[in-house]
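Inside the fold
Below, each chain spelled out in residue letters.
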Amino acid sequence: MDIFIYFKNDNYIELDEIEETIDNIIYGKGEVTGTGIGLTGCNIDICFYEKMSIDDVLAILCKLKLPNDAYCKIAGKNYKLYTHRA
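These remarks concern the structure in this document. Here the structure is a predicted model, which is why all the values come from computation and not from measurement. (Residues numbered from 1 in each chain as written. Predicted model: local features only at pLDDT ≥ 70, side-chain atom pairs only at ≥ 80, totals over all residues. Heavy atoms only, no water.)

A look at the pairing of strand S4 (residues 71-74)
- Of the two faces of S4, only one is covered, namely that formed by Cys72 and Ile74; the face formed by Tyr71 and Lys73 stays uncovered.
- Strand direction decides the pairing type here: strand S1 (residues 2-7) and S4, joined by four bridges, are antiparallel. Residue pairing for S4: Ile3 is matched across the bridge by Ile74.
- Pairing of S4 with strand S5 (residues 77-80), which is carried by four bridges, proceeds in the antiparallel orientation. Across the sheet, Lys73 pairs through a bridge with Asn78, a residue of S5.
- Hairpin connection of S4 to S5: two residues between the antiparallel strands, including Ala75 at a positive phi of 50 degrees. (Buried < 20%, exposed > 50% of the residue type's maximum accessible area, 1.4 Å probe, protein only. Helix = DSSP H or I, 4+ residues; strand = E, 2+ residues; numbered from the N terminus. Pairing = 2+ DSSP bridges.)

Points about helix H1 (residues 15-25)
- Of the positions making up H1, those classed as buried are Leu15, Ile18 and Ile22. One side of H1 carries all its buried residues, which in axial view fall inside an arc of 60 degrees. Every exposed residue of H1 that faces more than 90 degrees away from the buried side is listed here: Asp16, Glu17, Glu20 and Asn24.
- Along its buried surface, H1 packs onto S1, strand S2 (30-38) and strand S3 (41-48). (Arc of directions from axis to C-beta. Contact = heavy atoms within 4.5 Å.)

This is the structure:
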(Lines give C-alpha, C1' and ligand atoms only; values in the text may rest on other atoms or scores of the structure.)
Protein backbone atom coordinates (compact mmCIF):
# COMPACT_ATOMS: atom_id res chain seq x y z
CA MET A 1 0.00 0.00 0.00
CA ASP A 2 1.52 3.30 -1.09
CA ILE A 3 0.96 6.43 1.02
CA PHE A 4 1.95 9.95 0.01
CA ILE A 5 2.27 12.67 2.67
CA TYR A 6 2.25 16.37 1.72
CA PHE A 7 2.81 19.52 3.79
CA LYS A 8 4.24 23.02 3.57
CA ASN A 9 7.68 23.42 5.05
CA ASP A 10 7.41 26.90 6.53
CA ASN A 11 9.39 25.81 9.61
CA TYR A 12 12.18 24.23 7.58
CA ILE A 13 11.77 20.72 8.91
CA GLU A 14 14.63 18.35 8.15
CA LEU A 15 13.23 15.60 5.93
CA ASP A 16 16.06 13.23 6.86
CA GLU A 17 14.99 13.39 10.51
CA ILE A 18 11.34 12.79 9.60
CA GLU A 19 12.32 9.86 7.38
CA GLU A 20 14.29 8.26 10.23
CA THR A 21 11.39 8.78 12.64
CA ILE A 22 8.92 7.23 10.19
CA ASP A 23 11.21 4.25 9.59
CA ASN A 24 11.41 3.70 13.36
CA ILE A 25 7.64 3.98 13.82
CA ILE A 26 6.75 1.63 10.95
CA TYR A 27 9.70 -0.74 11.34
CA GLY A 28 8.75 -4.12 9.91
CA LYS A 29 5.46 -2.78 8.51
CA GLY A 30 6.86 -0.62 5.71
CA GLU A 31 9.49 1.88 4.66
CA VAL A 32 9.99 5.38 3.33
CA THR A 33 10.53 5.11 -0.41
CA GLY A 34 11.13 8.78 -1.21
CA THR A 35 11.11 12.39 -0.02
CA GLY A 36 11.20 15.69 -1.80
CA ILE A 37 10.92 19.44 -1.52
CA GLY A 38 9.33 21.63 -4.19
CA LEU A 39 7.79 25.05 -4.67
CA THR A 40 4.55 24.12 -2.91
CA GLY A 41 6.02 22.14 -0.01
CA CYS A 42 7.34 18.72 0.89
CA ASN A 43 6.36 15.15 0.25
CA ILE A 44 7.17 11.83 1.86
CA ASP A 45 6.36 8.55 0.13
CA ILE A 46 5.77 5.43 2.21
CA CYS A 47 5.15 1.84 1.20
CA PHE A 48 3.43 -0.43 3.71
CA TYR A 49 4.22 -4.11 3.08
CA GLU A 50 0.82 -5.43 4.10
CA LYS A 51 -2.67 -4.12 3.48
CA MET A 52 -3.80 -2.01 6.42
CA SER A 53 -7.00 -0.17 7.20
CA ILE A 54 -6.99 3.56 6.56
CA ASP A 55 -7.72 4.17 10.24
CA ASP A 56 -4.62 2.15 11.23
CA VAL A 57 -2.45 4.04 8.73
CA LEU A 58 -3.74 7.42 9.94
CA ALA A 59 -3.16 6.41 13.58
CA ILE A 60 0.47 5.63 12.76
CA LEU A 61 1.02 8.80 10.75
CA CYS A 62 -0.55 11.01 13.41
CA LYS A 63 2.34 10.10 15.72
CA LEU A 64 4.59 12.23 13.53
CA LYS A 65 5.28 15.84 14.41
CA LEU A 66 4.42 17.41 11.08
CA PRO A 67 2.88 20.82 10.35
CA ASN A 68 -0.85 21.20 10.95
CA ASP A 69 -1.56 21.35 7.21
CA ALA A 70 -0.14 17.85 6.62
CA TYR A 71 -2.32 15.44 4.72
CA CYS A 72 -1.82 12.10 3.06
CA LYS A 73 -3.10 10.54 -0.11
CA ILE A 74 -4.21 6.91 0.09
CA ALA A 75 -5.67 5.21 -2.98
CA GLY A 76 -6.25 8.60 -4.59
CA LYS A 77 -8.16 10.12 -1.65
CA ASN A 78 -6.84 12.88 0.64
CA TYR A 79 -6.93 12.55 4.44
CA LYS A 80 -5.95 15.34 6.85
CA LEU A 81 -3.58 14.03 9.52
CA TYR A 82 -4.42 16.47 12.27
CA THR A 83 -8.11 17.26 12.29
CA HIS A 84 -8.23 17.80 16.07
CA ARG A 85 -5.10 19.92 16.65
CA ALA A 86 -5.51 23.45 17.96
